[in-house]
Amino acid sequence: MDSPFRSVSLILFFIITITLSTLAVAQSSTIGVQYISRLLDIQERERAPPSVQLAAAYAVLQRLLPSHYSAFQFRIISKKQCDGEYCFILRNHPSSYIRGTPEIVISGVTGVEVLAGLHWYLRYWCGSHISWDKTGGVQVASMPKLGSFPRVQDAGVLVKRPIPLNYYQNAVTSSYTFAWWDWKRWEKEIDWMALQGINLPLAFTGQEAIWQKVFQKFNISNSDLDDFFGGPGFLAWSRMSNLHGWGGPLPQSWLDQQLVLQKKILVRIYELGMNPVLPAFSGNVPAALQNVFPSAKITQLGNWFSVKSDPRWCCTYLLDATDPLFIEIGRAFIEQQLKEYGRTSHIYNCDTFDENTPPVDSPEYISSLGAAIYSGMQSGDSDAVWLMQGWLFSYDPFWRPPQMKALLNSVPLGKLVVLDLFAEVKPIWSTSKQFYGVPYIWCMLHNFAGNIEMYGILDSIAFGPVEARTSENTTMVGVGMSMEGIEQNPVVYDLMSEMAFQHEKVDVKAWINQYSVRRYGRSVPAIQDAWNVLYHTVYNCTDGATDKNRDVIVAFPDVDPSIISVTEGKYQNYGKPVSKEAVLKSETSSYDHPHLWYSTSEVIRALELFIASGNELSASNTYRYDLIDLTRQALAKYANELFLNIIEAYQLNDAHGVFQLSRRFLELVEDMDSLLACHDGFLLGPWLESAKQLAQNEEQEKQVRCPYVSQ
């Protein structure tokens, strides 16, 4: 069946409504961008040659669209051709009327801009869609045949970045999502990043092998580190001083393997013109360092949610940044990375205080800590810039204005960039005088702990970055996606990736209609109506809550029913006038309230529209993923209601009611399991298999699949 995008009228509609709005371009130079201009200049000078970037970009095209490879020609251009900004340009090839020649020319300042331009053309001229494989993958059924690609305006289409940096990842994504990835999976992710226009990704893989070599210089043996590094699935938290040893020790073969993988990742990132963010020393040290340097200022931290507060895993050690040893180790770590990797982008992540509160709240002391942390980076790289997650300012009440200002202003201006990590819900820029003059990146956090739940705030994503960038005296220098886990809610990430190139606020209602057509490759009115419902319900969470999937059906079954009372709630559920809510009789209970921010009866209506569209869209993998995810969402919220009915029956001493309702709940669990087995994106098996594939013997396989067995 022909794609609606083959229609000239629809092509013109997308050109007029979407592309021209991006041509009303303002200059991207904010005060913050001026502050980091030296970093940007250095990165531009040291970027891979155009020929290398083009080869890498063509390789992405070959992997993405092998049958349409010949339709495109790529070019690297200078910023002068973009009025001094980062941009991509779409043009018709002058010989496109000749059979066998390219049809569309895409030019960009870097390989990333070229591929972002390719994605833009595929979106708005071909009606295609790109998401992670687990969330439905690539939809290219709407792609035209060679020789009939839609033409752009004769003058071409110029799209500039409104702000230069586009950041990606979170310090914990490495464990929630990347833990078992091999090169094949990483290559797919780097392709995806480039197509989304990401130019500033974290690059944390393999650092434990670097740390081995660094600590050897300070007389710490590899065996001393067995209790320091966490297991493969828990490295994020051992790196952040939250725990140690859990799931370990790491076999040397695994450490070496990860370092090799990191080098492949960095080579590809540099080839495409990206600038990876490498780790820096935060003060996290092995316990054995106390024995080697008994006079060093090393403090044992308190428990951080560790298993049973067991000292085998909790209460890590932190070297005070004011101790001279801190700068020595910091310099050695930067220098060892430069030796191993051969180059750097001069930007380093360090989060000494991420969920670790400083021992003293004196602004003078805080300032000395910040200065010392940066000195550790600068001593190893004179051009170093510190990238810091701003989560501590949202999470920890310790950080009042004097303490926050002391930390932020402890580093020379332009040498610190802060991630406003949770800006779509709790923006810090607007309450801190733009981070007290320090450059920052507006980030969408969205996902906590890799939980799977349909959730988002599309209006905030469509408006927030623009409001921050156009605010008075803005120090914003980029946008970013800082989710803790990926491969979920593709609509959220599709919109957020566009904000790297959108100069004006996006009309979400119009955008969501277009999204559903691109997502499935054709226009189905019932599906568009369903997505309009989802936009106003599951993707319109405005209660300010931190969303983690707390639905009963995915929680530990350890709730004491006697401590819960059931009251009338706020939202409609399944046609009933009101829902029910649990109120705890004891504040010490472990029961975590499920999160409900919308009318479930409306979402059921959206599900009905999805099901009714099955005959038209059943061949679409993206449709199948969304149908399963939406059904899962509806069943999970229904399970919460059913659970409270069981509690009510229990409190009324209705044994028959408890039995009948409990049986229904258990049947619902089985139904959910059968449902999720219908799509690879929801299966545990691929995760376990990827872990197994990284193991080199039976003992390692046991460790990576069942880390608790060895404890």
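Everything here concerns the structure above.
Worth saying up front: this structure is predicted, and the values here are computed from it rather than measured.

What counts as what
Residues numbered from 1 in each chain as written. Predicted model: local features only at pLDDT ≥ 70, side-chain atom pairs only at ≥ 80, totals over all residues. Heavy atoms only, no water. Helix = DSSP H or I, 4+ residues; strand = E, 2+ residues; numbered from the N terminus. Buried < 20%, exposed > 50% of the residue type's maximum accessible area, 1.4 Å probe, protein only. Contact = heavy atoms within 4.5 Å. Areas by Shrake-Rupley, 256 points an atom, 1.4 Å probe, with all protein chains shown as cover. Lys, Arg positive; Asp, Glu negative; His and termini not counted. Charge placed at Lys NZ, Arg CZ, Asp CG, Glu CD. Disulfide = S-S within 2.5 Å. Salt bridge = Lys/Arg side-chain N within 4 Å of Asp/Glu carboxyl O.

Asker: Help me understand the overall build of the chain, please; the structure alone is not making it clear to me.
Answerer: Each helix and strand counted, the chain has 26 helices and 19 strands in total. With the C-alpha coordinates of the chain rotated into their principal frame, the extents come out at 75 × 75 × 55 Å. Counting only residues that meet the buried cut, the chain has 60% of its 711 residues in that class. At a minimum sequence separation of 6, the contacts of the chain that also span at least 24 residues come to 76%. Surface exposure of the chain reaches about 27700 Å², of which carbon and sulfur atoms provide 54%. Computed over 57 positive and 73 negative side-chain charges, the separation of the two mean positions in the chain equals 6 Å.

Asker: I'm lost on the state of the cysteines in this one. Help?
Answerer: Two cysteines form a disulfide when their sulfur atoms are joined by a covalent bond. Considering all chains together, one arrives at 2 disulfides under this definition. There is a disulfide in this structure between Cys82 and Cys87, and the S-S distance comes to 1.9 Å. What sets the handedness of the Cys82 and Cys87 disulfide is the S-S torsion sign, and at about -45 degrees it is left-handed. For the pair formed by Cys82 and Cys87, the shared burial category is buried. Put simply, Cys314 and Cys315 are joined by a disulfide, and their sulfur atoms are 2.5 Å apart. Taking the torsion about the sulfur-sulfur bond, which here is approximately -70 degrees, the covalent link between Cys314 and Cys315 counts as left-handed. By relative accessible area, Cys314 is classed as buried at 2%. Here the bonded cysteines of the chain are numbered in sequence order, and their pairing is 1-2, 3-4. Cys350 takes part in no disulfide bond, and the closest cysteine sulfur, belonging to Cys443, lies 17 Å away. Cys541 forms no disulfide, and the closest cysteine sulfur to it belongs to Cys443, at a distance of 19 Å. In this structure Cys541 comes out as buried when scored by relative accessible area, which is 2%.

Asker: Would you mind showing me how to read unusual backbone geometry here?
Answerer: With glycine set apart, most residues show a phi of negative sign, and most peptide bonds adopt trans. The amide bond that connects Gly248 to the next residue, Pro249, takes the cis arrangement and shows omega of 0 degrees. With respect to the helices, strands and loops of the structure, Pro249 is situated in the loop between helix 9 (235-239) and helix 10 (252-271). The backbone of Gln169 sits at a positive phi, close to 100 degrees, despite the residue not being glycine. With respect to the secondary-structure elements, Gln169 resides in the loop between strand 7 (165-168) and helix 6 (173-176). The class of Gln169 is buried, set by a relative accessible area of 4%. Look at Asn489: it is not a glycine, yet its phi comes out positive at around 45 degrees. Summarising the element assignment, Asn489 is placed in the loop between strand 17 (476-481) and helix 18 (490-498).

Asker: Is there a simple way to think about the pattern of salt bridges in this case?
Answerer: Pairing between side chains becomes possible if they bear opposite charge and their charged atoms approach one another. Overall, the coordinates contain 27 salt bridges when judged by the stated rule. For the salt bridge of Asp191 with Arg63, the shortest nitrogen-to-oxygen distance reads 2.8 Å. Of the two residues, Asp191 is situated in helix 7 (residues 183-195) and Arg63 in helix 4 (residues 50-64); the sequence distance between them amounts to 128 residues. Between Lys637 and Asp551 there is a salt bridge, with its nearest N and O atoms 2.9 Å apart. You can see Lys637 sitting in helix 23 (residues 621-651) and its partner Asp551 sitting in the loop between helix 20 (525-536) and strand 18 (564-568), a full 86 residues away along the chain.

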